[in-house]
Structures are given as structure tokens and as C-alpha cells.
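Letter by letter, the chains look like this.
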Amino acid sequence: MSKFHIESFRFLWIGQMLANLGDVIYTVCLTTIVYKATGSVTLMSFVPFLITITALFSGFIAPIIIDKYKLKWILFFSQGGKTALLLVICLFVPFINIKNLLILYFLIAIISFLDGFATPAKNALIPVLVKEKELVKTNSFLAILDQLTQLIAWPIGSILLVVWGGSYLLWITFLLFVISSQLMFLIKQDQQQYKETRASVWESISEGWLIIVRSKQLRSVTIMNLFETLANGVWIAAILYVYVEDVLHKQEVWWGVINAFFFAGMFVGGLIVYKVSSRLELQLGKYIIWSTCSLSILTLFFALASNVWLALLISFVYGFPQMVKDVAEVSIVQKSVRKEQLAKVFSARGTIMYAAFGISAVILGWITEEYGVTITFLLAAGFFLLSFLVGIANRKHLLVKQKS
């Protein structure tokens, strides 16, 4: 990479790391604030539902924005808008009660709408700043940073939540968002990288979807992602909160500890993936299939665990296959699509994931309230199993070797 690209990549990963740190604290605070104001698991699970369903809508619009603006500016205005709205939430939180909860939901929805532009822009900007032969290693590095951030944020956020309360923690998130916005502004992107297009609105929106549908490899990965995302709805804070209370019979601080062990596993897994990235790069599909199988088995064990130490061990081990699968999936997309089309493909892919996660969060939250949290985790294990079966059925497409 040139010095020009090295500096911009540094601004990108530091800014994204701070934004991710703020997002975790923001989620912990708002979920707890809503639960304490309402006492309802369903209303608490409405927070991740709103986050995902509004990001779904922004995913539809994202291709239009991508055709008109450089990725750097999309990242900057997305993060800047989130920062301004979070300031409003910080000022509003002391007055929240069940009567004015809709106002909080509205602000959460707008923040999530802006956030929906950031992920496809970030993932598409990486191949612009990094050489193709370094993509798997770079994705591993970014994933390691993300998991390190989560590892720090969940336990610290949970502890500080008990000590300080949600209102003070939200101000910390606001400060992190301010710094992140400034770093996004400093990113420099080649002027010629993205040219002005005359594509119609429909052509802009449909291009990413059509690329996924026409590619057997991308289509197979996306279908697997769909089932995996339905399963991942079980890990929302609202359900894990209930799991800690009803199954493990522990205080809320263990909610953060379980998350910390999960992200510690992903962090260690990320280090391993980083070391063996050249081997992983040649068999991305194979690692996706067997990682999904492992996740199904581990989710089943977690559903049946009643001992907190066993739950922590499973959470840690769970992070290994999750990390391998995530890095491999992103790398397959980046290697299979032309750079100028990447943001639209990631946008379409993200829209599917947001829709599945939003639906999953509400349905699994309702199942938890009606039938118990153990049934919810068993259902999640079933979704992972379906994803694995899809991978096996389409292995001839997934096991196509990638160019190194």
C-alpha cells in the first residue's frame, strides 16, 4: 500500500473501532433503560428489532446513495448524523417512561437508518485501500480489532452500567462517536475510484441483488447467511438477559461476562485465522460449511447448559467457528465482485441480514416470554443446522477455490 492508502486505512480502522465500542455501550444502555422503564422482555427486544428493521430500509436506499457519493463521505455523514442524534437521546433519557417510549424508539430508528449506509461502504472501501492478495489477512485484522473492542466493551459496559447507570454511559458513547466522525472525515479516497453514473433508481437498487442471484457461489452463501442470522437473533441482549436470570440464576453483570467470553473466543480465533490466512484463502467455502456445523452443535450445548462455568466455556469456544465463518464470507464476496459493484452487493446482502435479524429478534423474544429461553436456543440450533445442510447441498459451488 502507498503512504496515501496506509494513512486512510488507519483512519478507517481506528474510526470504526471507536464507533463499534460506542455501539456496544449504546446497545447495553438503551436495552437496560427500556427494560427498567417497562419491565417487558418484548418491549426490550423491540430495541434490536428497530435497529435492524430501519437498517433494512436504509439498505434499499443505500445503492442510490452509493452511486452519487464517494464511500468516504457516506461513512462520514452516517457517523456524523448518528453523533448528532445520540446527543438528543442523551438529553432525553432522564425523562423516559412508558408513556413517551415511542420518542426514544423513533430516535433509535433514525440512528439505525444512518448506520445502515456505513457497513456496505466500509466493506467496499477496504479492497480500494488494500491489495487483493492481502484481503483475507486484512479482514482477519479488522475482525480481531472488532472482537477486542467487544471483549472490552461488554464487561466494562455491564459493570459501569451497574455503577453509574445508563445516562452517564450514553455520554461516553457520544464522545466516542465524535472522535470517530472526525477520523472518517480524514480518510482520503482516489478521486477516480468511483465515477458518476447515469443509472436509474431501479438499476441502482437492483444491481447488487442481481449479482447475488446470478452467482451460484454468492447465492449459496447468502441463503446460509439467512438461516444463520435467524439463529443469531437468540443472542440479542434481551434474550441473553433472561437466560442469565432464569437458567443460570445469576445477576445481570454475568450478561456482560458471557459476552466477554464469546468475544474473547472470537479474538483468539481471529489471531489464528490471521496466522493461517493464506491456507484459509484457498478453501473459504469449506471453512464456512464446517464452521456452521460447529455453531449448531455449540448452540445446542448452550441451550442445555445450566452451570455458569459451562456456559462461559461454550461461549468462548463458540467464538472460534464464528470468526472463521465471518472472515471467509466477507472475503468470498470481496473476491467475487468487481470493486465498483461491491458496495451495492454488500448493501443487498446487509438488507437480507437486517430483515432476518429483525424478524428473528421479535419472534424469538416472544417465544422466550411464552415458552422459555431454553426452547429459544434449541430453535436457534435448528436454524444453524439448516444452514449447514444448505452448505452441504451446494458444496460444489462453495468449494470453488479462490484466486490468491
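Refer to the structure printed above.
The structure displayed is predicted, hence computed values, not measured ones.

Novice: Looking at this structure, how should I read empty space enclosed by the protein?
Specialist: Remark: the empty space left among the atoms is shown by a probe the size of a water molecule rolled over them. As enumerated under the stated definition, the model contains two cavities of 30 Å³ or more in all. Of the volumes computed, that of the second largest cavity is approximately 30 Å³. Lining the second largest cavity, in full, are Ile212, Leu218, Val221, Thr222, Val333, Val345 and Arg349. Elements represented by at least two residues in the lining of the second largest cavity include exactly helix 8 (216-232) and helix 14 (339-371). Top contributing element to the lining of the second largest cavity by residue count: helix 8, with three residues. In the lining of the second largest cavity, the residues fall into five nonpolar, one polar and one charged.

Novice: Help me out: how do you make sense of the side chain of Ser331 in this one?
Specialist: In this fold, Ser331 is placed in helix 13 (residues 308-336). Among the residues examined, Ser331 registers a relative accessible area of 0% and is labelled buried. Non-local contacts of Ser331, meaning those with residues more than four positions away in its chain, are made with Val136, Asn139 and Leu284.

Novice: I'm lost on helix 15 (residues 373-393) in this one. Help?
Specialist: Every α-helix winds through 3.6 residues per turn, so residues three or four apart in the chain are directed the same way. A rise of 1.5 Å per residue sets the reference length of helix 15, with its 21 residues, at 30 Å; its end C-alpha atoms lie 31 Å apart and thus fit the reference within 8%. Along helix 15, the residues classified as buried are Val373, Thr376, Phe377, Ala380, Ala381, Phe383, Phe384, Ser387, Phe388, Val390 and Gly391.

Novice: Hey, could you run me through the environment of Ala356 in this one?
Specialist: You can see Ala356 is positioned in helix 14. In this structure, the C-alpha to C-alpha distance between Ala356 and Ile110, residues 246 residues apart in sequence, is 19 Å. Contact partners of Ala356, with chain neighbours within four places excluded, come to Leu226, Thr229 and Leu230.

How each quantity is defined
- Residues numbered from 1 in each chain as written.
- Predicted model: local features only at pLDDT ≥ 70, side-chain atom pairs only at ≥ 80, totals over all residues.
- Heavy atoms only, no water.
- 1 Å grid on protein atoms, 1.4 Å probe; cavity = no way out; pocket = protein on both sides within 12 Å on 5 of 7 lines; lining within 4 Å.
- Points joined across faces, edges and corners; volume = space filled by probe spheres on them.
- Helix = DSSP H or I, 4+ residues; strand = E, 2+ residues; numbered from the N terminus.
- Nonpolar A, V, L, I, M, F, W, Y, C, P; charged D, E, K, R; others polar.
- Buried < 20%, exposed > 50% of the residue type's maximum accessible area, 1.4 Å probe, protein only.
- Contact = heavy atoms within 4.5 Å.
- Expected span 1.5 Å × (residues − 1).

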